[in-house]
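If you want the building blocks of each chain, they are given just below.
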Amino acid sequence: MLLIGGGTLALLRVGSVSPDAPPVSAFDLPLQALKNQTNAPIMLPAELPDELKNVAVDADLEGDSYGLLFETTPPDELIESFVHYRTVGTFTAVPESETGTAKYFRASSLENVRLPDGTEAKLRHMEPVGVSNYGPYWEGRFDKNGYAYTLTIYLDQNGKSISEQVLSSMVSVER
């Protein structure tokens, strides 16, 4: 770990996953549905903590974007719409030109996490500003091949370590 600026920025490499590793088996069923739904380059984790094992494809993102939902219980369907109370995290890919900022949240910490291929993701702890219906969350984002990939973890306890594990094992998926 490398600390810069009094601990405000850290470079983390959590695991040692090969960039050629396959995605974790939790994506065996969702992967074909995901390939049919999007033409975006697919990135998935090769390792997944138990808290994120219940995977569904986000029904509301398709074409040049895609999304995954990590739910509290096994999903009823392979492809579902986002429902906040059932979701502990999300992973989305959108063209870089379509990304925005979370205007009702501010980052209280920033670290860099290295992906297996050397790409660096920015991991931020996001806290609500003013009145909000949502609590704090962890956001990991990286840009690759014209796409912005964003991991959002709504778990405050262990959210940082879960985010680090997922990001540090993110691999490209062959189509």
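Right above here is the structure, for reference.
Notes on the structure follow. (Residues numbered from 1 in each chain as written. Predicted model: local features only at pLDDT ≥ 70, side-chain atom pairs only at ≥ 80, totals over all residues. Heavy atoms only, no water.)

## A closer look at the overall build of the protein chain
What counts here: Under the DSSP-based scheme used, a helix requires at least four consecutive residues in state H or I and a strand at least two consecutive residues in state E, with every element numbered from the N terminus. Values of the radius of gyration come from C-alpha atoms, whereas the globule rule sets the reference at 2.2 Å times the count of residues to the power 0.38. Burial classes: relative accessible area under 20% of the type maximum marks a residue as buried, over 50% as exposed, and values in between as partly exposed (1.4 Å probe, protein chains only). Contacts are assigned to residue pairs that have any heavy atoms within 4.5 Å of one another.
Assigned secondary structure in the protein chain consists of 2 helices and 12 strands. Mapped in sequence order, the helices and strands of the protein chain form the string β-β-α-β-β-β-β-β-β-β-β-β-α-β. On C-alpha atoms alone, the protein chain measures out to a radius of gyration of 15 Å, which is about the 16 Å that the 2.2 N^0.38 rule sets for 175 residues. For the protein chain, the spread of C-alpha atoms along the principal axes amounts to about 45 × 40 × 35 Å. Within the protein chain, the fraction of its 175 residues that count as buried is 45%. For the protein chain, restricting intrachain contacts to residue pairs at least 6 apart in sequence, the fraction spanning at least 24 positions comes to 55%.

## A short note on the nonpolar core
The test is simple: Take the buried Ala, Val, Leu, Ile, Met, Phe, Trp, Tyr and Cys residues and link them wherever side-chain atoms come within 4.5 Å; each set so joined is a nonpolar core.
Counting 35 residues, the largest nonpolar core has Leu48, Tyr66, Phe70, Phe91 and Phe142 as the members making the most contacts within it. Here the element with the most residues in this core is strand S11 (residues 147-153); it accounts for 4 residues. If near-sequence neighbours (up to four positions away) are discounted, Phe70 is found in contact with Phe27, Leu48, Leu52, Asn54, Val55, Arg86, Thr87, Val88, Gly89, Thr90, Phe91 and Leu151.

## Details of a nonpolar patch on the surface
Put simply, the rule is: Here a patch means residues that are over 30% exposed by relative accessible area and free of salt bridges, tied together within 9 Å if like-charged and within 5 Å if nonpolar (Val, Leu, Ile, Met, Phe, Trp, Tyr). Only the protein chains shown count as cover for residues, and all accessible areas are computed by the Shrake-Rupley method using a 1.4 Å probe. By salt bridge we mean one thing: a side-chain nitrogen of Lys or Arg within 4 Å of a carboxyl oxygen of Asp or Glu.
Side chains of Leu29, Leu78 and Ile79 sit close together on the surface and give an oily, nonpolar patch of about 280 Å² of accessible area. As for its placement among the helices and strands, Leu78 is situated in the loop between strand S5 (66-71) and strand S6 (79-80). Take Leu78: its relative accessible area is 35%, and that puts it in the partly exposed class.

## Some words on the environment of Ser25
Following the sequence through the fold, Ser25 ends up in the loop between strand S2 (9-12) and helix H1 (28-37). A relative accessible area of 53% places Ser25 in the exposed class. Sequence separation between Ser25 and Pro45 is 20 residues; the distance between their C-alpha atoms is 9.8 Å.

## Thoughts on the pairing of strand S9 (residues 120-128)
Applicable threshold: Two strands are counted as paired when DSSP detects at least two bridges linking them.
Bridge count for strand S8 (residues 105-114) against S9 is 9 bridges, and the pairing is antiparallel. If you follow Val113 over to S9, its bridge partner there is Ala121. What sits between S8 and S9 in their antiparallel hairpin is a turn of 5 residues, with Gly118 showing a positive phi close to 95°. Pairing between S9 and strand S10 (residues 137-144): 5 bridges, direction antiparallel. The residue of S10 that forms the bridge with Met126 is Tyr137.

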